[in-house]
Every structure is written in C-alpha cells, then in structure tokens.
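Report on the structure
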2 protein chains.
Amino acid sequence: MLRREKDMSVETRERMRGGKGTVFIRHLAEHLPPMCRFYAEITLHPGCSIGEHEHLGETELFVFVSGAGMVTDNGTHMKVKAGDATSTPNGHTHSVANTGTDDLVFIAAIIKDPPAA
Amino acid sequence: MLRREKDMSVETRERMRGGKGTVFIRHLAEHLPPMCRFYAEITLHPGCSIGEHEHLGETELFVFVSGAGMVTDNGTHMKVKAGDATSTPNGHTHSVANTGTDDLVFIAAIIKDPPAA
C-alpha cells in the first residue's frame, strides 16, 4: 500500500512529554502493522524538543535524516546528526532536542514487544 | 542505545531478489526489537533495483528519504519519490527500482506479525 506524502496528515503537539515548542508528526502509514503502534516522520524546528520519557513493553527506533541535535539515552546526553540511529527498548528512557540551526528530522517507529508466553 | 553512522556496517547485495545491480544496506541497529527482523537504510544507485517478492507473516515498511523511483505494490506499478511511504503486509508482494538520476534512499523495517493465539 502506497501512501503519498501529499495525502499524509501532519499532527502537531505542543510541549510534547514536557519538551519545548511544537512537534510536527507526519504519519507514514494508514494501517499500522499489528505489532507497530506508531510510525511517523517527526520534525523539530530549532529550539524544540520532546521531553524525557520511558518506554514499557515496546522499543522506539529513531533514525535521523537531517539536522543535528541532542538526545538523552537512559539519562546520558549525546549529540546526534543525520545518519545516526537510536533504539529505546523496554524500560529505557529517552528525549530529543533540536540544538542546531536547521530542522531536525527523524523517522520514528514504536514496535511492541511480543505478548508474554 | 545510540548507533553512529560511522559505526554502522554497510552490506552489499548483488541482483537482490532478482533485481538489477547492487543494493547498499546500512544496518541501523545492533540489537533489533524482538518483533523486528530487519531495519536498515537502503540505497539504490540509478538503474538498480530489488526484484518483486512476497512477505509472509510480517509487514515491510518503506519510507523514501531521497530520490525517485518506481515500485510495484501487489503487482501495480507506481512512481514514488522522497516523502512517500509503502507498507507491504502479510501475503503481499513488492519491488522497488531507481528510475531516476540520483540515488534512491529509503528506510526499511520488517515487523513480524504476532504469534498465532
């Protein structure tokens, strides 16, 4: 199933997870795979951020496609730039901030852990 | 867990799935989520392609980040460009070809369906 950029909705969230400014969320799929609960391109303008939060029973994957910024990865602060990727598994925390002068754009996917046996 | 671009391995595959030329696969995570079996940035130089194939018991997600090309989506041919996204669920087929003059780059993730109840 193809979804063209022009047909995708862009959701905006203010001060997401206690972060700063506006987060632009372009949802990439109309129907998500059963084990995926979020799949989007996220844009943070300079100075904007998503606050630190925990993932439980799932993993969030980020891959940065343009710009530069800072993340926290289970409490550790690190610089990131286009080409880098992060993985935040069950019980880990993260945050992301655009500390550069251009938009920070990344693809985010949240994949649920398998049901307990 | 942060993985920097410079630390990622780039795998090359020739005539992948019966396609043309070389496919460059930059693996984005060292440890995949339990329900994810593939997560990579894929680059096709002009004229290169991945041949048509079926996905069973899983969904493959593509989001195109640069360039332009053609996909098949369950047998239907469609143009794609940066910003577009495709989803190939259980029992569906797809292929992708770089028909443009610049590299075609996309993020690919394969997410397994939940175990049968």
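One numbering rule holds for all chains: residues counted from 1, following each sequence as written. Naming scheme: in the order in which they are written, chains are lettered from A and ligands are numbered from 1. This being a predicted model, a pLDDT of at least 70 is required before a residue's local features are given, and a value of 80 or more before pairs of side-chain atoms are given or counted; all residues contribute to the totals for chains, interfaces and linings. To get the side-chain values, take all heavy atoms of the structure and skip hydrogens and water.

For an interface, size is often stated in terms of accessible area lost upon the parts coming together. Chain B puts 37 residues into the contact, and the matching count from chain A is 37 residues. Three residues, M1, L2 and Y39 of chain B, lead the burial of chain B against chain A; their summed loss comes to 20% of the area buried on that side. The term salt bridge refers to a side-chain nitrogen of Lys or Arg lying within 4 Å of a carboxyl oxygen of Asp or Glu. The interface formed by chain B and chain A contains 2 salt bridges. Under the rule applied, a polar contact is a pair of N or O atoms within 3.5 Å (in protein, one hydrogen donor and one hydrogen acceptor; residues adjacent in sequence only if both atoms are side-chain atoms). Remark: the boundary between chain B and chain A carries 12 residue pairs in polar contact (both at pLDDT 80 or more). Where helices and strands are cited, they refer to DSSP runs of H or I of at least four residues and of E of at least two residues respectively, numbered from the N terminus. Take the side of chain B that touches chain A: its biggest share by element is 5 residues, from strand β6 (residues 58-66) of chain B. Gly is put with the polar residues, along with every residue not named as nonpolar or charged; the nonpolar set is Ala, Val, Leu, Ile, Met, Phe, Trp, Tyr, Cys and Pro, and the charged set is Asp, Glu, Lys and Arg. For the side of chain B that touches chain A, the class distribution of residues is 22 nonpolar, 5 polar and 10 charged. We call two residues contacting when some pair of their heavy atoms lies within 4.5 Å. The term buried area means the drop in 1.4 Å probe accessible area that two parts suffer when joined, counted for both and summed.

Further remarks concern the layout of surface pockets. All names here are of chain B. Here a cavity denotes a set of grid points, spaced 1 Å apart and computed over the protein atoms alone, in which a 1.4 Å probe fits but from which it cannot get out, and a pocket denotes an open set meeting protein on both sides within 12 Å along at least five of seven lines; residues with an atom within 4 Å of a point are reported as lining. Grid points are joined across faces, edges and corners, and a volume is the space filled by probe spheres set on the points. For the largest pocket, the calculated volume is near 170 Å³. What lines the largest pocket is R13, M16, R17, R37, F38, I42, I50, H53, H55, E60, F62 and I110. Across the lining of the largest pocket, the residue classes break down as 6 nonpolar, 2 polar and 4 charged.

Here we come to the pairing of strand β8 (residues 76-81) of chain A. Residues and elements named next belong to chain A. DSSP-based pairing: two strands are paired if at least 2 bridges between them are found. Across 6 bridges, the pairing between strand β7 (residues 68-73) and β8 is antiparallel. In the sheet register, M70 faces β8, and the bridge partner there is K79. With antiparallel pairing between neighbouring strands as the criterion, β7 and β8 make up a hairpin whose turn holds 2 residues, including N74 at a positive phi of roughly 55°.

Between rings of Phe, Tyr and Trp, where Trp is taken as its six-membered ring, a pair exists when centres lie within 6.5 Å; planes separated by under 30 degrees are stacked, by over 60 edge-to-face, and by other angles tilted. Scanning the entire structure with this criterion turns up 6 aromatic pairs over all chains. Ring plane angle 45° and centroid distance 5.2 Å describe the contact between F64 of chain B and F106 of chain B, whose orientation is recorded as tilted. Here F106 of chain B lies in strand β11 (residues 104-112) and F64 of chain B lies in strand β6, a separation of 42 residues in the sequence. Remark: exposure states derive from per-residue accessible area (1.4 Å probe, protein chains only) relative to the maximum for the residue type, with buried under 20%, exposed over 50%, and partly exposed in between. A relative accessible area of 2% means that F64 of chain B is categorised as buried. Each member of the aromatic cluster is reached from another via a ring pair, and the members are F62, F64 and F106 of chain A.

So, about the side chain of H94 of chain A. All names here are of chain A. You can see H94 is positioned in strand β10 (residues 93-97). For H94, the side chain forms a polar contact with the side chain of H55, separated by 3.0 Å. When sequence neighbours within four positions are dropped, the list of residues in contact with H94 reads G51, E52, H53, H55, E60, F62, T72 and T88.

Another aspect to go through is the pattern of salt bridges. Residue and element names in this part refer to chain B. Across all of its chains, the model carries 10 salt bridges over all chains by this definition. Between R26 and E41 there is a salt bridge, with the nearest N and O atoms lying 2.8 Å from each other. Remark: E41 occurs in strand β4 (residues 36-44) and R26 occurs in strand β3 (residues 22-27); sequence separation between them is 15 residues. This pair shows no difference in class: R26 is buried, exactly as E41 is.

Confidence scores labelled pLDDT are given residue by residue by the predictor and lie between 0 and 100. Residues at a pLDDT of 70 or more form 99% of chain A, whose mean pLDDT is 97. Across the assembled chains, the prediction reports ipTM 0.96 with pTM 0.97.

What follows covers the relation of the copies chain B and chain A. Overlay of chain B on chain A (RMSD 0.0 Å): rotation 180°, translation along the axis 0.0 Å. Taken together, the turn and the small shift mark the pair as related by a two-fold rotation axis. Residues reaching a pLDDT of at least 70 in both copies supply the C-alpha atoms on which the copies are superposed by least squares.

Moving on, we come to the nonpolar core. One finds Y39 of chain A together with Y39 of chain B to be the most contacted residues of the largest nonpolar core, which totals 24 residues. At the level of elements, β4 (36-44), β6 (58-66) and β11 (104-112) of chain A together with β4, β6 and β11 of chain B are the ones that each hand at least two residues to this core. In this structure Y39 of chain B touches L61, F62 and V63 of chain A together with R26, H27, L28, A29, L32, I107, A108 and A109 of chain B, once residues within four positions along its chain are discounted. Each nonpolar core is a collection of buried residues, namely Ala, Val, Leu, Ile, Met, Phe, Trp, Tyr and Cys, held together in the definition by side-chain atoms within 4.5 Å.

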